[in-house]
Amino acid sequence: MVLNYIWIAFFIIAFVIALVKLVFLGDFEVFPAMMDSTFASSKTAFEISLGLTGVLSLWLGIMKIGEKGGIVNVLAKVLSPVFVKLFPDIPKGHPVTGSIFMNIAANMLGLDNAATPLGLKAMEQLQELNPKKDTATNPMIMFLVLNTSGLTLIPISIMVYRAQMGAAQPTDIFIPILLATFFSTLAGIIITSLYQKINLLNRTMLLTLGGAAIVVASVIWGFGQMDSLLMNKVSTTSANILLMTIIIAFIVAGMRHKVNVYDAFIEGAKEGFTTAVRIIPYLVAILVGIGVFRASGAMDMLIDGIRWGVEACGANSDFVGALPTALMKPLSGSGARGMMVDAMTTYGADSFIGRLSCIFQGSTDTTFYILAVYFGSVGVVKTRHAVACGLLADFAGVIAAIAIAYLFFG
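Note that the structure is a prediction, hence the values are computed from the model and not measured.

**Thoughts on the overall build of the protein chain**
Here comes step 1: Along its length, the protein chain carries 18 helices and zero strands.
Here comes step 2: In terms of overall dimensions, the protein chain is globule-like: its C-alpha atoms have a radius of gyration of 22 Å, near the 22 Å expected for 410 residues.
Here comes step 3: Reported as C-alpha extents along the three principal axes, the dimensions of the protein chain are approximately 70 × 45 × 40 Å.
Here comes step 4: Out of the 410 residues in the protein chain, the part that is buried amounts to 52%.
Here comes step 5: Within the protein chain, contacts between residues at least 6 apart in sequence are counted, and of these 78% link residues at least 24 apart.

In structure tokens:
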């Protein structure tokens, strides 16, 4: 229901602004630009879905081997004490906990191509537990918020963009991004727990969150001892080694349990193809709405209004130039990436705005894209408090990113 109102708002706001531009400013290009964006966005949505087909087939095939080989069940049992507290509505030891863990681990390592199919698999398993198939359950929403808050340990792609844009030290945003995304995820967990009345003040959760904080601090310290070249090599190599280790481990486990791993892979891969086709309408809808909103100039007007408000309050408005990346990130990953590159091109890769736009890009994830794809894949249309929790986590990430940017680069 919330996505319905937001989608309608994109079109109405865009149409009104375009009409005003045409009548009062004589801008005859705005309506053609909006129509062009609808066709371009539709094409992009299809290309994304088409591009996901192979990756989905691969990873859902691997996951099927893991299921039949017993690895997913082992992960579920190991994680059960934590997931019982964070996802109290999921039966203890259910295989979906293993799928959720695999998805979160892939996101943390920046392995987007692996994270999406693993997340879709987890969502399908959560839907099996859902008594109302068109309505999001509490575990679904908590899982979505963990994805939208964007916890990432190794933001390789952002560092690569900075290197391409001529940054003197492409990795100087590594620690700021890690801190910002950690606060975003922590805020998402707390906010969603308050909505769902989950008690986090227990020994298990305090030890888990405390342990996570120690791990984050250790990673920060370890990578802080390396130069940029070594950091990129170590992070890329370790991520790929881990990914290949997971694939081999699943295959070996299947062999030990006398599973026909080839047939199991084919069975899972077929699910990947049908899932990729199923999400096309949802992607077309959300990306077309976003494209029209951008093409009308509504985003530019919003930024200018924020700048005026900040300056009217007498506050420092240096951060406002990077806000297009932050505002676009919940709507479109590629759009936010374009805003980030534009900020570095306009202001310089080593400028405050250039660096802050990179921190924005890495601190949260594409909330509406994730909601559209994940809920769309299982036919959920009533999202309940998913949008509110996801956007509040995004907001916490934006505030943290601004504060951390001023701390490191202000």
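**With respect to the environment of Ile303**
Here comes step 1: If you trace the backbone, Ile303 turns up in helix α13 (residues 298-312).
Here comes step 2: Judged by relative accessible area, Ile303 falls into the buried class, the value being 6%.
Here comes step 3: In the structure, Ile303 is positioned 24 residues away from Leu327 in sequence and 8.9 Å away in space, judged by C-alpha atoms.
Here comes step 4: Beyond its immediate chain neighbours, meaning those up to four positions away, Ile303 contacts Val320, Leu323, Pro324 and Leu327.

**A closer look at the nonpolar core**
Here comes step 1: In terms of nonpolar packing, the biggest core is built from 57 residues, with Phe87, Phe143 and Phe375 touching the most fellow members.
Here comes step 2: Per element, the largest residue contribution to this core is nine residues, and it comes from helix α17 (residues 367-378).
Here comes step 3: In this structure, Val219, Met340, Ala343 and Met344 belong to the second largest nonpolar core, which totals 35 residues.

**Remarks on the packing of aromatic side chains**
Here comes step 1: Under the counting rule described, the total for this entry stands at seven aromatic pairs.
Here comes step 2: Ring geometry for Trp7 and Phe11: centres 4.9 Å apart, planes at 70°, overall edge-to-face. Of this pair, Trp7 and Phe11 both sit in helix α1 (residues 2-25), four residues apart, which is roughly one turn of the helix.
Here comes step 3: Ring centres of Phe182 and Phe183 lie 6.1 Å apart, and the angle between their planes is 65°; on these two criteria the pair is classed as edge-to-face.

**Comments concerning empty space enclosed by the protein**
Here comes step 1: Summed over the entire model, instances satisfying the criterion amount to two cavities of 30 Å³ or more.
Here comes step 2: For the second largest cavity, the calculated volume is near 50 Å³.
Here comes step 3: Contributing to the lining of the second largest cavity are ten residues, with Phe83, Val84, Pro91, Lys92 and Thr97 lying nearest its centre.
Here comes step 4: Looking at which element gives the most residues to the lining of the second largest cavity, the answer is helix α3 (residues 71-86), with four residues.

**Focus on the environment of Pro91**
Here comes step 1: Locating Pro91 in the fold gives a position in the loop between α3 and α4 (96-108).
Here comes step 2: For Pro91, a relative accessible area of 40% puts it in the partly exposed group.
Here comes step 3: Each C-alpha atom, one on Pro91 and one on Ile158, is 38 Å from the other, the two residues being 67 residues apart in sequence.

**With respect to the packing of helix α6 (residues 138-148) against helix α8 (residues 174-196)**
Any two packed helices are characterised by how steeply their axes cross, that is the angle between the axes, and by the distance between the axes.
Here comes step 1: Interaxial distance between α6 and α8 falls to 9 Å at its minimum, and their mutual angle equals 165°. Judged by the inter-axis angle, α6 sits roughly antiparallel to α8. Crossing of α6 over α8 shows right-handed handedness. Where α6 approaches α8, its residues Asn138, Ile141, Met142, Val145 and Leu146 are matched on the opposing element by Thr185, Gly188, Ile189, Thr192, Ser193 and Gln196.
Here comes step 2: Of the residues contributing to the contact of α6 with α8, the split by class is five nonpolar, six polar and no charged.

**So, unusual backbone geometry**
Here comes step 1: Phi is positive for Lys197, which is not a glycine, with a value near 55°.
Here comes step 2: With respect to the helices and strands, the residue Lys197 is situated in the loop between α8 and α9 (203-224).
Here comes step 3: Judged by relative accessible area, which is 78%, Lys197 ranks as exposed.
Here comes step 4: In this structure, Arg384 is a non-glycine residue whose phi angle is positive, near 55°.
Here comes step 5: Residue Arg384 is classed as partly exposed on the basis of its relative accessible area of 41%.

Thresholds, definitions, all that
Residues numbered from 1 in each chain as written. Predicted model: local features only at pLDDT ≥ 70, side-chain atom pairs only at ≥ 80, totals over all residues. Heavy atoms only, no water. Helix = DSSP H or I, 4+ residues; strand = E, 2+ residues; numbered from the N terminus. Rg over C-alpha atoms; globule rule 2.2 N^0.38 Å. Buried < 20%, exposed > 50% of the residue type's maximum accessible area, 1.4 Å probe, protein only. Contact = heavy atoms within 4.5 Å. Core = buried A, V, L, I, M, F, W, Y, C linked by side-chain atoms within 4.5 Å. Phe/Tyr/Trp six-rings, centres within 6.5 Å; stacked < 30°, edge-to-face > 60°. 1 Å grid on protein atoms, 1.4 Å probe; cavity = no way out; pocket = protein on both sides within 12 Å on 5 of 7 lines; lining within 4 Å. Points joined across faces, edges and corners; volume = space filled by probe spheres on them. Axes fitted to C-alpha atoms, helices over the stretch in contact; angles between N-to-C directions. Parallel < 35°, antiparallel > 145°, perpendicular 65-115°, else oblique. Left-handed = near helix turned anticlockwise from the far one by under 90°. Nonpolar A, V, L, I, M, F, W, Y, C, P; charged D, E, K, R; others polar.

Any functional reading would require information beyond the geometric quantities listed.
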